[in-house]
Amino acid sequence: MSKRFLATYDIRRLPPASHTAFLASAERRGWFHWIADSAGIKYRLPNTTLDGWFDSYPQAWAAFRDSALEAQRLAGPGFVIEKWIIAEQSDTHFDSDVKRAA
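Read on for a plain summary of the structure.

**Re the pattern of salt bridges**
And then number 1: Taken as a whole and assessed by the stated rule, the structure comprises six salt bridges.
And then number 2: One salt bridge in this structure joins Arg 29 and Glu 70, with 2.7 Å as the shortest N-O distance. With Arg 29 in the loop between helix 1 (18-28) and strand 2 (31-32) and Glu 70 in helix 2 (residues 57-75), the pair connects residues that are 41 residues apart, well separated along the chain.
And then number 3: Among the residues examined, Glu 70 registers a relative accessible area of 15% and is labelled buried.
And then number 4: Salt bridges linked by common partners bring Asp 10, Glu 82 and Lys 83 together as one network.

If you want it as structure tokens, here you go:
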């Protein structure tokens, strides 16, 4: 059964378009910068925060790590994630000034 994880991170250097490359890679691997409520309304997460459903923590970590490695290959060595945390979510409350329908 899948579990919900939240990842947040800091980037040391940001070459043009490297964060966009990271987000695209992360999305292909199951990480998203939107989070949906029970009614299906999606809320935009803070810029360096991702939400995803994975079977286990190792799977969530591998998807995050592989996304960063792909972004670094595409953007060059200047793209460095210097801090990160991945945590399993249980009871979540959130809000955002950016929302979209399901």
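Now that the structure has been shown, we can carry on.
**With respect to the nonpolar core**
And then number 1: Core analysis: the biggest nonpolar cluster contains 18 residues, and Tyr 9, Phe 22, Trp 31, Leu 50, Phe 64, Ile 81 and Ile 86 have the highest contact counts within it.
And then number 2: For this core, the secondary-structure elements that each account for two or more residues are strand 1 (3-11), helix 1, strand 5 (49-54), helix 2 and strand 6 (81-88).
And then number 3: In terms of residue count, the dominant contributor to this core is helix 2 (five residues).
And then number 4: Among residues more than four places away in sequence, those in contact with Trp 31 are Phe 5, Leu 6, Ala 7, Ala 26, Leu 50, Asp 51, Gly 52, Phe 54, Ala 60, Ala 63, Phe 64 and Ile 86.

**Side note on the sheet that holds strand 4 (residues 42-44)**
And then number 1: With respect to topology, three strands assemble into an open sheet ordered 3-4-7, the strand pairing being antiparallel. Each edge of the open sheet is held by one strand with a lone partner, namely strand 3 (34-36) and strand 7 (99-100).
And then number 2: Across three bridges, the pairing between strand 3 and strand 4 is antiparallel. In the strand pairing of strand 4, Ala 36 is matched with Lys 42.

**Remarks on the side chain of Asp 51**
And then number 1: For Asp 51, the position within the fold is in strand 5.
And then number 2: At a separation of 2.8 Å, a polar atom in the side chain of Asp 51 contacts the side chain of Gln 89.
And then number 3: What Asp 51 contacts, discounting residues up to four positions off in sequence, is Arg 4, Phe 5, Leu 6, Gly 30, Trp 31, Phe 32, Trp 34, Ile 35, Leu 45 and Gln 89.

**Some remarks on the environment of Tyr 43**
And then number 1: Relative to the helices and strands, Tyr 43 is located in strand 4.
And then number 2: In this structure, Tyr 43 is in contact with His 33, Trp 34, Ile 35, Asp 37, Phe 94, Asp 95, Ser 96, Val 98 and Lys 99, ignoring residues within four places of it in sequence.
And then number 3: At 3.3 Å, the side chain of Tyr 43 forms a polar contact with the side chain of Asp 37.

**Observations concerning the packing of helix 1 against helix 2**
And then number 1: Packing of helix 1 against helix 2 leaves a shortest axis separation of 8 Å and a crossing angle of 140 degrees. In terms of orientation, helix 1 and helix 2 fall into the oblique class. Here the hand of the crossing between helix 1 and helix 2 comes out right-handed. Listed contacts from helix 2 to Ser 18, Ala 21, Phe 22, Ser 25, Ala 26 and Arg 28 of helix 1 are Phe 64, Asp 66, Ser 67, Ala 68, Glu 70, Ala 71, Leu 74 and Ala 75.
And then number 2: Of the residues in the contact of helix 1 with helix 2, the class split is eight nonpolar, three polar and three charged.

Cut-off values and rules
- Residues numbered from 1 in each chain as written.
- Predicted model: local features only at pLDDT ≥ 70, side-chain atom pairs only at ≥ 80, totals over all residues.
- Heavy atoms only, no water.
- Salt bridge = Lys/Arg side-chain N within 4 Å of Asp/Glu carboxyl O.
- Helix = DSSP H or I, 4+ residues; strand = E, 2+ residues; numbered from the N terminus.
- Buried < 20%, exposed > 50% of the residue type's maximum accessible area, 1.4 Å probe, protein only.
- Core = buried A, V, L, I, M, F, W, Y, C linked by side-chain atoms within 4.5 Å.
- Contact = heavy atoms within 4.5 Å.
- Pairing = 2+ DSSP bridges.
- Polar contact = N/O pair within 3.5 Å; in protein donor to acceptor, adjacent residues only side chain to side chain.
- Axes fitted to C-alpha atoms, helices over the stretch in contact; angles between N-to-C directions.
- Parallel < 35°, antiparallel > 145°, perpendicular 65-115°, else oblique.
- Left-handed = near helix turned anticlockwise from the far one by under 90°.
- Nonpolar A, V, L, I, M, F, W, Y, C, P; charged D, E, K, R; others polar.

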